[in-house]
Amino acid sequence: MLIVQVFVYLQLLDFLTTMVGFKLGAHEASPFIANLIHSTSPAMGVAVSKVVGLAIGGLCIATGRVKLLSFANYWYAALVVWNLAMLLTVHVVQHG
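Residues numbered from 1 in each chain as written. Predicted model: local features only at pLDDT ≥ 70, side-chain atom pairs only at ≥ 80, totals over all residues. Heavy atoms only, no water.

What to know about the overall build of the chain
Now for step 1: Helix and strand counts for the chain come out as 4 helices and 0 strands.
Now for step 2: Listing every helix and strand of the chain by position from the N terminus yields α-α-α-α.
Now for step 3: When its C-alpha atoms are laid out on the principal axes, the chain stretches across 50 × 30 × 15 Å.
Now for step 4: For the chain, the residues scored as buried account for 28% of the 96 residues in total.
Now for step 5: Surface exposure of the chain reaches about 6,400 Å², of which carbon and sulfur atoms provide 75%. (Helix = DSSP H or I, 4+ residues; strand = E, 2+ residues; numbered from the N terminus. Buried < 20%, exposed > 50% of the residue type's maximum accessible area, 1.4 Å probe, protein only. Areas by Shrake-Rupley, 256 points an atom, 1.4 Å probe, with all protein chains shown as cover.)

Take a look at the structure:
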């Protein structure tokens, strides 16, 4: 199912763009994820949040809520765009 593939791909993109952002000095905006990061490590905190997201996505599929997963795809696509914008902003600030 394409919706599931897109969901998993967006989770991976969110993880990768977040990790690059951390390397460039960006900070996590989500209190939930920030708490996970401070409890463990940046990579582990974000990875745990992705596992939770994938589990919720699996629950959506299992309960037939494909429209909800489709909405989540739009949310995560916007989040990845946000992350990319933050990466560009941090890069411009650091390098003029």
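Some details on the nonpolar core
Now for step 1: Listed in full, the 7 residues of the largest apolar core are F7, L10, C60, L69, A72, Y76 and V80.
Now for step 2: Elements that contribute at least two residues to this core include exactly α1 (2–23) and α4 (66–95).
Now for step 3: The element that contributes the greatest number of residues to this core is α4, accounting for 4 residues.
Now for step 4: Beyond its immediate chain neighbours, meaning those up to four positions away, V80 contacts L10, L13 and D14. (Core = buried A, V, L, I, M, F, W, Y, C linked by side-chain atoms within 4.5 Å. Contact = heavy atoms within 4.5 Å.)

Let's talk about a nonpolar patch on the surface
Now for step 1: A cluster of nonpolar side chains, namely F32, M44, V48, V52 and I56, defines an oily patch on the protein surface of about 430 Å² accessible area.
Now for step 2: With 4 residues, the top contributor of residues to the nonpolar patch is helix α3 (residues 42–62).
Now for step 3: Position of F32 among the secondary structure elements: in helix α2 (residues 31–39). (Patch = residues over 30% accessible without salt bridge, like charges linked within 9 Å, V, L, I, M, F, W, Y side chains within 5 Å. Salt bridge = Lys/Arg side-chain N within 4 Å of Asp/Glu carboxyl O.)

Quick look at α2
Now for step 1: Among the residues of α2, those classed as buried are I33, A34, L36 and I37. End-on view of α2: buried residues confined to an arc of 160°, all on one side of the axis. In this structure, α2 carries P31, N35, H38 and S39 as exposed residues pointing more than 90 degrees from its buried face.
Now for step 2: Packed against the buried residues of α2 are α1 and α3. (Arc of directions from axis to C-beta.)

Observations regarding the side chain of T18
Now for step 1: Looking at where T18 falls in the secondary structure, it is placed in helix α1.
Now for step 2: The exposure class of T18 is buried, given its relative accessible area of 10%.
Now for step 3: Not counting chain neighbours up to four residues away, the residues in contact with T18 comprise E28, V46 and N83.

Honestly, that's just the spatial picture; any functional story needs more than this.
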